[in-house]
Amino acid sequence: MGRLFVSALKNFLSAGLAIAAVFVAGLASAFTRDLLRGRNYSDVGVPMYEHSGIAILVGLLVFSVVLFGCLYTLQRTLSRNFQWLPYLVALITGIGFSPILIFILFG
């Protein structure tokens, strides 16, 4: 009974950390994108940055590397019995919170 309870707690912790990993990766991506965007050269009020295209591309790369790094770490440490659990939770979180993630990644 105790082992089952501890196993369930590990799975809940792993799921919670997978959800947090999605948002941490999104914020790391947004931070990197903002650093690389460059100077705003707009004079009419519409934001136009020098390197916005490459900044979004690098931001997406940072998002995927950070997210899969976190999920791989979770898979190897907390989710040894259910190795697909962090990926499944992150996929559901990514689909459920996609409007927020799109705003973070491309906003």
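Refer to the preceding data block for the structure.
Because the structure is predicted, anything quoted here is derived from the model rather than measured.

### Examining a nonpolar patch on the surface
So, point 1. On the surface, a cluster of nonpolar side chains totalling about 630 Å² of accessible area is made up of Phe82, Trp84, Leu88, Leu91, Ile92 and Ile95.
So, point 2. Residue position: Ile92 is located in helix α3 (residues 85-96).

### Considering the packing of helix α1 (residues 2-36) against helix α4 (residues 98-106)
So, point 1. At their nearest, the axes of α1 and α4 sit 8 Å apart, and the two run at 25° to each other. Compared by their axis directions, α1 and α4 come out roughly parallel. Contacts between α1 and α4 involve Val22, Phe23, Gly26, Leu27, Ser29, Ala30 and Arg33 from the first element and Ile100, Leu101, Ile104, Leu105 and Phe106 from the second.

### Observations regarding the side chain of Thr32
So, point 1. Positionally, Thr32 belongs in helix α1.
So, point 2. Here the side chain of Thr32 touches Ala28 through a polar contact of 2.9 Å, landing on its backbone oxygen.
So, point 3. When sequence neighbours within four positions are dropped, the list of residues in contact with Thr32 reads Val58 and Val62.

### Considering the environment of Ile100
So, point 1. Tracing the chain through its elements places Ile100 in helix α4.
So, point 2. In sequence terms Ile100 and Gly26 are 74 residues apart; their C-alpha atoms lie 9.4 Å from each other.

### A short note on the pattern of salt bridges
So, point 1. This model, assessed by the stated rule, comprises two salt bridges.
So, point 2. When the shortest N-O distance is used, the salt bridge between Asp34 and Arg33 registers 3.6 Å.
So, point 3. Among the residues examined, Asp34 registers a relative accessible area of 40% and is labelled partly exposed.
So, point 4. Looking at Arg33, the relative accessible area reads 6%, which means it is buried.
So, point 5. A salt bridge links Arg37 to Asp34; its shortest N-O distance comes to 2.7 Å.
So, point 6. A single salt-bridge network, built from bridges that share partners, covers Arg33, Asp34 and Arg37.

### Describing the packing of α1 against helix α2 (residues 52-77)
So, point 1. It is the contact of α1 with α2, at a shortest axis distance of 8 Å, that shows an interaxial angle of 155°. Judged on the interaxial angle alone, α2 and α1 are roughly antiparallel. Crossing geometry of α1 relative to α2 is assigned as right-handed. Only Ala55, Ile56, Val58, Gly59, Leu60, Val62, Phe63, Val66, Leu67, Cys70, Leu71 and Leu74 of α2 make contact with α1, whose side of the interface consists of Ser14, Leu17, Ala18, Ala21, Val22, Ala25, Gly26, Ala28, Ser29, Thr32, Arg33 and Leu36.
So, point 2. Its residues placed into classes, the contact of α1 with α2 shows 18 nonpolar, five polar and one charged.

### Observations concerning α3
So, point 1. The end-to-end C-alpha distance of α3, which contains 12 residues, comes to 16 Å, matching closely the 16 Å that a straight helix rising 1.5 Å per residue would cover.
So, point 2. Within α3 the residues assigned to the buried category are Leu85, Pro86, Val89, Ala90 and Thr93. Here the buried residues of α3 occupy an arc of 125° about the axis, which is enough to place them on one side. Exposed residues lying more than 90 degrees from the buried face of α3 are Leu91, Ile92 and Ile95.

Here is what the cut-offs are and how they apply
Residues numbered from 1 in each chain as written. Predicted model: local features only at pLDDT ≥ 70, side-chain atom pairs only at ≥ 80, totals over all residues. Heavy atoms only, no water. Patch = residues over 30% accessible without salt bridge, like charges linked within 9 Å, V, L, I, M, F, W, Y side chains within 5 Å. Areas by Shrake-Rupley, 256 points an atom, 1.4 Å probe, with all protein chains shown as cover. Salt bridge = Lys/Arg side-chain N within 4 Å of Asp/Glu carboxyl O. Helix = DSSP H or I, 4+ residues; strand = E, 2+ residues; numbered from the N terminus. Axes fitted to C-alpha atoms, helices over the stretch in contact; angles between N-to-C directions. Parallel < 35°, antiparallel > 145°, perpendicular 65-115°, else oblique. Contact = heavy atoms within 4.5 Å. Polar contact = N/O pair within 3.5 Å; in protein donor to acceptor, adjacent residues only side chain to side chain. Buried < 20%, exposed > 50% of the residue type's maximum accessible area, 1.4 Å probe, protein only. Left-handed = near helix turned anticlockwise from the far one by under 90°. Nonpolar A, V, L, I, M, F, W, Y, C, P; charged D, E, K, R; others polar. Expected span 1.5 Å × (residues − 1). Arc of directions from axis to C-beta.

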